Amino acid sequence: MAGEKRYVEVLLPLKLKERLTYRLPEGWTAEAGCWVQVPLRGHPALGIVTGVSDHAPVGKPLSAIGEVEALPDAPGVGAAELAFWQMVADYYLCTPGEVFRAACNVGLQRQILQAGKPRHKARKKKAAKNGEAEPPLKTLSEAQRQALDQTRDGFARHKPVLLFGVTGSGKTEIYLHLAAESLRAGRDVLFLVPEIAMSKQLQQRLEAVFGDALLVFHSRTTVPQRYAVIDTLRRDPTPRIVLGTRSAVFLPFRNLGLAVVDEEHDRSYKQDDTAPRYNGRDAALMLAALHKADIVLGSATPSCEALYNVETHKFVRADLPERYHGGKDPRVEIIDTAQARRLGNMQGSFSRKLLKEMDATLRAGRQILVFRSRRAYAPVVQCEACGEVVRCPHCHVPLSYHKFNSTLSCHYCGYHRPFTLRCPSCGETALMERGAGTEKLEEELRDAFPDRTIARFDADTTESKTAEEKMIRDFAEGRIDILVGTQMITKGFDFERLALTVIVRADSLFAVPDFRSDERAFQLLTQLMGRSGRRGEQGRLVIQTDQPEHPVLGRLLHPTQESVDAAGLLAERKAFRYPPFVRMICITVKDRYEGRVWNVCRLIKEAADSLGIADIAGPVTPPVDRVADEHIAQFWIKLPRNRSLADTKKALYERIDRIDRDFKGHTTIQIDVDPA
Ligand code: ADP
Ligand code: ZN
């Protein structure tokens, strides 16, 4: 081969659609899947070889072809991984390069560029206890055995299984049995959870059963730890079980045997800020199909999508209708805050009746969880003199008041400034906070229960992982009496002494302008209901609301037969042509110049029209129509689920991509398939 130039086609972790070609230096060899360092706009970049050729690409002068700079010594990317990236890119209308970037973030890229051997070995885990002391797997109850059999039946028919089981029914034990089987068969297991924050208990349980076979991978694992996980999977053929959040679907599994998606309905599975705007659950379904692996999705409140797939026989359903430890569903009580306010029965954000109940609960040596969907002290600050609401100078939203550091801050762009009482609009010293977020609730509770320990669990108090873990441990071990928090406190945790869960303003859950808001509110309330009274005794859930007649509350109080319910939910979606009966795509256009937003929108509308897309709403402005100085407009497209769907999506993507290129550097166009 002497004298012959060799050329490699390289995939880079960028939005770039094309593969770039580079020349290999004399004597170097490379093959598809191996890592390369190449020059890109004057900087070294990391890429993957996707093809090797003896010919230079036609129509390109040889001098314009860059030369490979290095071949980092990291185990290459397999054909299955590349195929998966392509599959995700095709479905979510983005480039394989963008999926590559999601699979391998900047930190990891740097680590691979410096590679060689990992500097940090995966932390040694305690070996599993051996059989005599404590059997690693629990003996299943009759109900669990039946559900396990139903699940295996589904697998035997090569179908994904929806495990529909109430909170505390012991779904985890079923996952563990299935995982052990897969590992015994020499195949890897992917165990997805929506957020890692609350899954410490799960992690400990998995560690006790699987010991060294367990790897953990999520957004808070450090880069060296992540690198160690990837390296272990690539180099070491021992079958592993990986516990992780959505991005774990991109790990280099050799031979995936089982995927578990716990709390499959959870919104946190969806990535919506950057491409690929994928749903971890749906990506796991694709991954399992690619590996011919089994997959089980579990939930106490399945998504409409999962129920639809059961109805259309794409999924098989397995049921666990009862709690493992028995016990009744929590008693749900609704407090009409509109009425309580009229009668003067409110003390700050809490009704006096509720405060009395809380007091009794604490006296009985029990704990309380207080949920509020807004963090900060006050979500809004208003001038009493001129009536002006203080807004972010860069976004079309009010600033939130954070008392602990005395700032006004924007939860959209991060802008913040010191809080003073002076109104930025009229200059009067008359600013007043309106409404109550978690921080204010914490303060009110400190006043009401001065002798009790009260803590707050939200994005402001859990910035560090250790603070977060400590707070969960303190609550679990009874050192905190009342825990106030946002959505973060609703996730899969088992607190033994928790007897009362309180939702302060349920109305904020119903007010979301989204066709999924009722479903979401119901899921959240059910999840909160599952939090209290887990050990046989009856827990309580108190919901404060101005709308005691809201249909979601009706559904919670008077649960009908689930099957009827599922049909009812689906019927509504069908009647209004919402997913899963259609495929939805949201296109978002952002620009600092409002005029250009509407120009680009006109072009997108023309493109959609020319493709015969009939059901397109927009351009419309979203509820928050300016963020970080950019104006925002959106289109909502519904495509029928038929054989031409994939082609229509592809054609639409190509048209939008062309517009995107024309306005590059000015206008951002984002495509979101199956927006959450
Ligand atoms: P889910 O995941 O459905 O909410 P879990 O798997 O957390 O439920 O189970 C609820 C509780 O019941 C846990 O404390 C668990 O340890 C216990 N449990 C479940 N199944 C068994 C079993 N077969 N033997 C002993 N304890 C079990
Ligand atoms: Zn802002």
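Structure's up top.
The following refers to the structure shown. (Residues numbered from 1 in each chain as written. Chains lettered and ligands numbered in written order. Predicted model: local features only at pLDDT ≥ 70, side-chain atom pairs only at ≥ 80, totals over all residues. Heavy atoms only, no water.)

1. Some remarks on the overall build of the protein
If you tally the helices and strands in the protein, you get 19 helices and 30 strands. At 27 Å, the protein has a C-alpha radius of gyration in line with the 26 Å of a compact globule built from 676 residues. Based on the C-alpha atoms only, the size of the protein along its principal axes is roughly 90 × 75 × 50 Å. Among the 676 residues that make up the protein, the fraction classed as buried is 52%. Summarising the internal contacts of the protein: among those between residues at least 6 apart in sequence, 74% fall at separations of at least 24. Of the charged side chains in the protein, 97 are positive and 87 negative, and the gap between their average positions amounts to 1 Å. (Helix = DSSP H or I, 4+ residues; strand = E, 2+ residues; numbered from the N terminus. Rg over C-alpha atoms; globule rule 2.2 N^0.38 Å. Buried < 20%, exposed > 50% of the residue type's maximum accessible area, 1.4 Å probe, protein only. Contact = heavy atoms within 4.5 Å. Lys, Arg positive; Asp, Glu negative; His and termini not counted. Charge placed at Lys NZ, Arg CZ, Asp CG, Glu CD.)

2. Quick word on the pattern of salt bridges
Overall, the coordinates contain 40 salt bridges when judged by the stated rule. One salt bridge connects Glu-81 with Arg-234, and the closest N-O pair in it is separated by 2.9 Å. Of this pair, Glu-81 sits in helix α1 (residues 79–92) while Arg-234 is found in helix α7 (residues 223–235), placing the two residues 153 residues apart along the sequence. With a relative accessible area of 15%, Arg-234 lands in the buried category. A salt bridge links Arg-456 to Asp-458; its shortest N-O distance comes to 3.1 Å. Arg-456 sits in the buried class, given a relative accessible area of 8%. (Salt bridge = Lys/Arg side-chain N within 4 Å of Asp/Glu carboxyl O.)

3. Quick notes on the coordination of the zinc ion (ligand 2)
Protein coordination at the zinc ion (ligand 2): the donors are Cys-392 (SG), Cys-395 (SG), Cys-410 (SG) and Cys-413 (SG), at 2.3 Å from the metal. The sequence pattern formed by the donor residues of the zinc ion (ligand 2) is C-x2-C-x14-C-x2-C. On the criterion of sequence distance, the pair formed by Cys-395 in the loop between β17 (380–383) and β18 (400–402) and Cys-413 in the loop between β19 (407–409) and β20 (416–418) is long-range, its members being 18 residues apart. (Donors = N, O, S within 2.8 Å, 3.2 Å for Na, K, Ca; no water.)

4. A few points about the packing of aromatic side chains
For the structure on display, the rule yields ten aromatic pairs. Geometrically, the ring pair formed by Phe-84 and Phe-250 is tilted, given 5.7 Å between the ring centres and 45 degrees between the ring planes. Of this pair, Phe-84 sits in helix α1 while Phe-250 sits in the loop between β9 (241–244) and β10 (256–261), placing them 166 residues apart in sequence. The same class applies to Phe-84 as to Phe-250, namely buried. A centroid spacing of 5.2 Å and a plane angle of 70 degrees characterise the contact between Phe-250 and Tyr-278, whose relative ring orientation is edge-to-face. With Phe-250 in the loop between β9 and β10 and Tyr-278 in the loop between β10 and α8 (280–291), the pair connects residues that are 28 residues apart, well separated along the chain. Like Phe-250, the residue Tyr-278 is buried in the burial classification. (Phe/Tyr/Trp six-rings, centres within 6.5 Å; stacked < 30°, edge-to-face > 60°.)

5. Regarding the site of ligand 1
If you check the shell around ligand 1, you find 17 residues, and the closest are Thr-139, Gln-144, Gly-168, Thr-172 and Tyr-324. The contact in question runs from a nitrogen atom of ligand 1 to an N or O atom on the backbone of Thr-139, over 2.7 Å. Take Gln-144: an N or O atom from its side chain is 2.8 Å from a nitrogen atom of ligand 1. When the free accessible area of ligand 1 is taken as 560 Å², the share hidden by the protein chains comes to 82%. With three residues, the single largest contributor to the shell around ligand 1 is helix α5 (residues 171–184). (Near = heavy atom within 4 Å. Polar contact = N/O pair within 3.5 Å; in protein donor to acceptor, adjacent residues only side chain to side chain. Areas by Shrake-Rupley, 256 points an atom, 1.4 Å probe, with all protein chains shown as cover.)

6. Here we look at the sheet that holds strand β3 (residues 35–40)
If you trace the five strands from one edge of the open sheet to the other, you get β3-β4-β1-β2-β5, paired in mixed fashion. This sheet does not close on itself; its edge strands, each paired only once, are β3 and β5 (66–67). Sheet analysis places strand β1 (residues 6–11) next to strand β2 (residues 20–24), joined by five bridges and oriented antiparallel. Within the sheet, the bridge partner assigned to Arg-6 lies in β2 and is Leu-24. (Pairing = 2+ DSSP bridges.)

7. Let's talk about the side chain of Ser-268
Mapped onto the elements of the fold, Ser-268 is located in the loop between β10 and α8. Separated by 2.8 Å, the side chains of Ser-268 and Glu-195 make a polar contact.

8. Remarks on the state of the cysteines
For the structure shown, the criterion picks out zero disulfides. Left unpaired, Cys-586 is separated from the closest cysteine sulfur, that of Cys-601, by 11 Å. By relative accessible area, which is 4% here, Cys-586 ends up buried. (Disulfide = S-S within 2.5 Å.)

9. Remarks on the packing of α1 against α8
Where α1 meets α8, the closest approach of the two axes is 10 Å, and the angle between their N-to-C directions is 140 degrees. Taken together, the axes of α1 and α8 lie oblique to each other. When you trace α1 past α8, the crossing you get is right-handed. On α8, the residues touching Ala-80, Ala-83, Phe-84, Met-87, Val-88, Tyr-91 and Tyr-92 of α1 are Asp-282, Ala-283, Met-286, Leu-287 and Leu-290. Classifying every residue of the contact of α1 with α8 by side-chain character gives eleven nonpolar, no polar and one charged. (Axes fitted to C-alpha atoms, helices over the stretch in contact; angles between N-to-C directions. Parallel < 35°, antiparallel > 145°, perpendicular 65-115°, else oblique. Left-handed = near helix turned anticlockwise from the far one by under 90°. Nonpolar A, V, L, I, M, F, W, Y, C, P; charged D, E, K, R; others polar.)

10. Notes on the sheet that holds strand β23 (residues 482–485)
Spatially, β13-β25-β24-β16-β23-β22 is the arrangement adopted by the six strands of the open sheet, whose pairing is parallel. A single partner strand is all that each edge strand has here, and the edge strands are β13 (331–336) and β22 (454–457). Taken pair by pair, the neighbouring strands of this sheet meet at an average axis angle of 20 degrees, ignoring direction. Examined bridge by bridge, β22 and β23 share four bridges and lie parallel to one another. Across the sheet, Ala-455 pairs through a bridge with Leu-483, a residue of β23. Sitting on the sheet, helix α12 (residues 438–448) is in contact with β16 (367–371), β22 and β23, with an inclination near 175 degrees to β22.

11. Brief notes about α8
A rise of 1.5 Å per residue sets the reference length of α8, with its twelve residues, at 16 Å; its end C-alpha atoms lie 16 Å apart and thus fit the reference within 8%. Of all twelve residues in α8, ten are buried; the element is thus mostly enclosed. Along α8, the residues that are buried comprise Gly-280, Arg-281, Asp-282, Ala-283, Ala-284, Leu-285, Met-286, Leu-287, Ala-288 and His-291. Capping the start of α8 is the job of one residue whose side-chain oxygen sits 2.7 Å from the backbone nitrogen of Arg-281: Asn-279. Looking one or two places after α8, you find Lys-292, whose phi comes out positive at around 50 degrees. (Expected span 1.5 Å × (residues − 1).)

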